[in-house]
Amino acid sequence: MIIKPKVRGFVCVTAHPEGCAAHVQEWINCVQTRGPIKQGPKKVLVIGSSTGYGLASRITAAFGSGAATLGVFYERPSEEGRPATPGWYNTIAFTRAARAAGLYAKNINGDAFSNEIKQQTLDTIKTDLGQIDLVVYSLASPRRIHPTTGAVHKSVLKPVGQSYTNKTVDTDKGVVSSVTIEPANEQEIADTAAVMGGEDWEMWMSALSEANLLAPGAQSVAYSYIGPDVTWAIYKNGTIGLAKNDLERAARNIDSLLKLKGGGRAFISVNKALVTQASSAIPVVPLYIAILYKVMKAHGTHEGCIEQICRLFAEQMYNGKSPAFDEAGRARVDDWEMRPEIQDAVRQIWPAVTTENLGTETDIAGYRSEFLKLFGFGLSGVNYEAETEPHIAML
Ligand code: NAI
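Predicted model only: the values in this text are computed from it and were never measured.

Considerations on the overall build of the chain
Here comes step 1: Check the secondary structure of the chain and you find twelve helices and 13 strands.
Here comes step 2: A burial count over the chain gives 56% of its 395 residues as buried.
Here comes step 3: Taking the intrachain contacts of the chain between residues at least 6 apart in sequence as the baseline, contacts between residues at least 24 apart amount to 78%.
Here comes step 4: Roughly 16,100 Å² of accessible area belongs to the chain as shown, and the carbon and sulfur atoms make up 53% of that amount.
Here comes step 5: Put simply, the chain has 39 plus and 41 minus side-chain charges, and the middle of one group is 3 Å from the middle of the other.

So, helix α1 (residues 17–34)
Here comes step 1: Over its 18 residues, α1 extends 26 Å from the first C-alpha to the last, a length consistent with the 26 Å expected when each residue adds 1.5 Å.
Here comes step 2: Buried within α1 are the following residues: Pro17, Gly19, Cys20, Ala22, His23, Val24, Trp27, Ile28, Cys30 and Val31.
Here comes step 3: Considering only its buried residues, α1 is in contact with α2 (52–65), α3 (86–100), α9 (305–317) and α12 (364–374).
Here comes step 4: Backbone geometry just downstream of α1 places glycine 35 in the positive-phi region, at approximately 90 degrees.

Observations concerning empty space enclosed by the protein
Here comes step 1: Taken as a whole and assessed by the stated rule, the structure comprises one cavity of 30 Å³ or more.
Here comes step 2: The volume enclosed by the largest cavity comes to roughly 60 Å³.
Here comes step 3: Contributing to the lining of the largest cavity are His23, Trp27, Thr51, Gly52, Leu55, Asn90, Thr276, Gln277 and Leu374.
Here comes step 4: Secondary-structure elements contributing two or more residues to the lining of the largest cavity are α1 and α2.
Here comes step 5: Among the residues forming the lining of the largest cavity, the class breakdown is three nonpolar, six polar and no charged.

Considering the packing of helix α8 (residues 285–299) against helix α10 (residues 340–349)
Here comes step 1: Taken N-terminus to C-terminus, the directions of α8 and α10 make an angle of 130 degrees; their axes are 9 Å apart at the nearest point. As judged from the angle between their axes, α8 and α10 are oblique. Between α8 and α10 lies a crossing of right-handed hand. Here Tyr288, Ile291, Leu292, Val295, Met296 and His299 of α8 lie close against α10, whose contacting residues are Glu341, Ile342, Gln343, Ala345, Val346 and Ile349.
Here comes step 2: Of the residues assigned to the contact of α8 with α10, the class counts are nine nonpolar, two polar and one charged.

Topic: the pattern of salt bridges
Here comes step 1: Applying the stated rule across the entire model yields 19 salt bridges.
Here comes step 2: Measuring nitrogen to oxygen at the nearest pair gives 2.6 Å for the salt bridge that ties aspartate 363 to lysine 297. Of this pair, aspartate 363 sits in the loop between α11 (358–361) and α12 while lysine 297 is found in helix α8, placing the two residues 66 residues apart along the sequence.
Here comes step 3: According to the relative accessible area criterion, lysine 297 is partly exposed, its value standing at 39%.

Details of the site of the ligand
Here comes step 1: The environment of the ligand is made up of 30 residues, and the closest members are Ser50, Tyr53, Ala112, Lys244 and Thr276.
Here comes step 2: Tyrosine 223 places a main-chain nitrogen or oxygen 3.4 Å from an oxygen atom of the ligand.
Here comes step 3: Within the side chain of lysine 244, an N or O atom sits 2.8 Å from an oxygen atom of the ligand.
Here comes step 4: About the coverage of the ligand: the protein hides 93% of its 840 Å² of free accessible area.
Here comes step 5: Contributing elements (two or more residues each) for the shell around the ligand: α2 and β11 (214–224).
Here comes step 6: Taken together, the residues of the shell around the ligand sort by class into 13 nonpolar, 13 polar and four charged.

What to know about the environment of aspartate 191
Here comes step 1: Inspection of the secondary structure assignment puts aspartate 191 in helix α5 (residues 186–196).
Here comes step 2: Spatially, the C-alpha atom of aspartate 191 lies 9.0 Å from that of alanine 243, the residues being 52 residues apart in sequence.
Here comes step 3: Beyond its immediate sequence surroundings of up to four residues, aspartate 191 is in contact with His153 and Lys154.

A closer look at the layout of surface pockets
Here comes step 1: Counted as a void, the second largest pocket has a volume near 250 Å³.
Here comes step 2: If you trace the second largest pocket, you find 15 residues lining it, with Trp27, Gly304, Glu307, Glu370 and Lys373 closest to the centre.
Here comes step 3: Element by element, the count of residues in the lining of the second largest pocket is highest for α1, at four residues.
Here comes step 4: Considered class by class, the residues forming the lining of the second largest pocket number seven nonpolar, three polar and five charged.

Comments concerning unusual backbone geometry
Here comes step 1: With a phi angle near 45 degrees, glutamate 80 is a residue other than glycine that sits in the positive phi range.
Here comes step 2: With respect to the helices, strands and loops of the structure, glutamate 80 is situated in the loop between β4 (68–73) and α3.
Here comes step 3: Using a relative accessible area of 85% as the deciding quantity, one classes glutamate 80 as exposed.
Here comes step 4: Although it is not a glycine, valine 284 sits at a positive phi angle of roughly 70 degrees.
Here comes step 5: Following the sequence through the fold, valine 284 ends up in the loop between β12 (265–270) and α8.
Here comes step 6: Residue valine 284 is classed as buried on the basis of its relative accessible area of 0%.

Comments concerning the nonpolar core
Here comes step 1: Core analysis: the biggest nonpolar cluster contains 116 residues, and Leu45, Ile59, Phe63, Trp201, Leu208, Tyr288 and Phe313 have the highest contact counts within it.
Here comes step 2: Here this core gets ten residues from one element, more than from any other, and that element is α8.
Here comes step 3: When residues no more than four places from it in sequence are discounted, the contact partners of leucine 45 are Leu70, Val72, Thr121, Ile125, Ile132, Leu134, Val135, Val136, Trp204 and Leu208.
Here comes step 4: In terms of nonpolar packing, the next biggest core, distinct from the first, is built from six residues, Ala15, Cys20, Ala84 and Ile92 among them.

What counts as what
- Numbering of residues begins from 1 in every chain and follows the order in which that chain's sequence is written.
- Local features in this predicted model are restricted to residues whose pLDDT is 70 or higher, and side-chain atom pairs enter the listing and the counts only when it is 80 or higher, whereas totals over whole chains, interfaces and linings include all residues.
- Water and hydrogen atoms play no part in the side-chain values, which are based on all heavy atoms of the structure.
- Helix numbering and strand numbering both begin at the N terminus, where a helix is a DSSP run of H or I of at least 4 residues and a strand a DSSP run of E of at least 2.
- Classification of residues uses two cut-offs on accessible area relative to the type maximum, computed with a 1.4 Å probe and protein chains only: under 20% is buried, over 50% is exposed, and between them is partly exposed.
- Two residues qualify as a contact provided that any one of their heavy atoms is within 4.5 Å of a heavy atom in the partner residue.
- Reported accessibility uses the Shrake-Rupley method at a 1.4 Å probe radius. Residues are deemed covered only where the shown protein chains occlude them.
- Asp and Glu are treated as the negative residues and Lys and Arg as the positive ones, with His and the ends of the chain left uncounted.
- Lysine's charge is taken at NZ, arginine's at CZ, aspartate's at CG and glutamate's at CD.
- A helix is expected to span 1.5 Å multiplied by its residue count minus one.
- Cavities and pockets are defined on a 1 Å grid built over the protein atoms alone: a cavity is a set of grid points where a 1.4 Å probe fits but cannot escape, while a pocket is an open set with protein on both sides within 12 Å along at least five of seven lines, and lining residues are those with an atom within 4 Å of any such point.
- Grid points are joined across faces, edges and corners, and a volume is the space filled by probe spheres set on the points.
- Residues were grouped as follows: Ala, Val, Leu, Ile, Met, Phe, Trp, Tyr, Cys and Pro as nonpolar; Asp, Glu, Lys and Arg as charged; and all remaining residues, including Gly, as polar.
- Think of each axis as a best-fit line through the C-alpha atoms, taken over the contacting stretch in the case of a helix, with angles from 0 to 180 degrees between the N-to-C directions.
- An angle below 35 degrees is read as roughly parallel, one above 145 as roughly antiparallel, one from 65 to 115 as roughly perpendicular, and any other as oblique.
- For a crossing to be left-handed, the near helix must be turned anticlockwise from the far one by less than a right angle; the clockwise case is right-handed.
- By salt bridge we mean one thing: a side-chain nitrogen of Lys or Arg within 4 Å of a carboxyl oxygen of Asp or Glu.
- We call a residue near a molecule or strand whenever a single non-hydrogen atom of that residue lies within 4 Å of it.
- Any pair of N or O atoms that falls within 3.5 Å is considered a polar contact. Within protein, one atom must be able to donate a hydrogen and the other to accept it, and sequence-neighbouring residues count only if both atoms are side-chain atoms.
- To define a nonpolar core, start from buried Ala, Val, Leu, Ile, Met, Phe, Trp, Tyr and Cys residues and group those joined through side-chain atoms within 4.5 Å.

Spelled out as structure tokens, the structure:
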């Protein structure tokens, strides 16, 4: 079939297999151009490995330090003439490239919150890898079925305490408008923490530890975001921010566990705001990202997921020293985003943006092309007019 993008609001419901492979190859090339990460990880579990920051972590571990990687993700294969989700194609492309380079790469597709997928992962590590030295926890999910209670928790992106009104952009239509979001109730706050907080990460780490699958000195990292005050009501102080506070609580517990297990560590890395499937669903944030891209590109400091994770691994986690933690014990690769000159420029542009000047005041074009790339569209060297086979078996 010939696959074209079909954008519906903040999702694209199609994905292009060769385009996703070309995108993965771009990221591999980026890692290889930067050169090897000395003292990098060797046996790595990435939970949420098929897109965004998790995929970037897997590619950096494999192609930056020759690591064996086991990836866990939740993606849909192609069915009834519909293309698969991009993470499906990304993972196949990554696995082919890793194996061609002589690296171990195995995949587990299923619900990472479930006991079954955890057990399958433990069994695979036991049989194939023995012990692992890095666990990257990079899930972004709208829901979680709790493995012990069976309750279904749905996460929401809402402010807490009071309603919030700000500008937002419909990135597809290019319309800037005002949005008011009503505050979350107690149940929604608790549900969002159950999905995006730290309980599941702790469950993973306890299971790995009890099965003796963590190498002495093993590290674990999960990702968070803080951002500027213009987004705080919906992010840092909203339901997702409270869930991230719980992730930080979990990081402290897991850190103690890993320290006792032979001098390892666990921590949160605060990353830059970037176009991913998860971030495009948050109100207000895509407009901020479109402005941020314009400003950071003008300053020559723009980075994507892969550059962020390369910097995290090479300069923070594996440089022979402890990461340069902030006062709350978090690694910060959002440092370039948060520089005063960048935030001052964003703050100046924000109030003036309208539908009419969106194209000149922001990098909406860059936002859109990054968004389409997530689904394998707009990559050079890919013939989008040619027939392509959407049905590819997982490796
Ligand atoms: P993403 O949507 O690109 O990736 C999410 C991953 O989780 C995918 O691999 C998906 O298959 C997997 N997943 C979702 N539900 C699952 C389930 N039930 N079982 C197994 N796998 C499942 O998201 P993104 O943006 O890379 O987010 C990853 C982390 O990075 C999140 O914690 C997010 O808050 C954080 N982050 C994101 C930023 C951004 O701007 N995108 C900025 C800073 C942090």
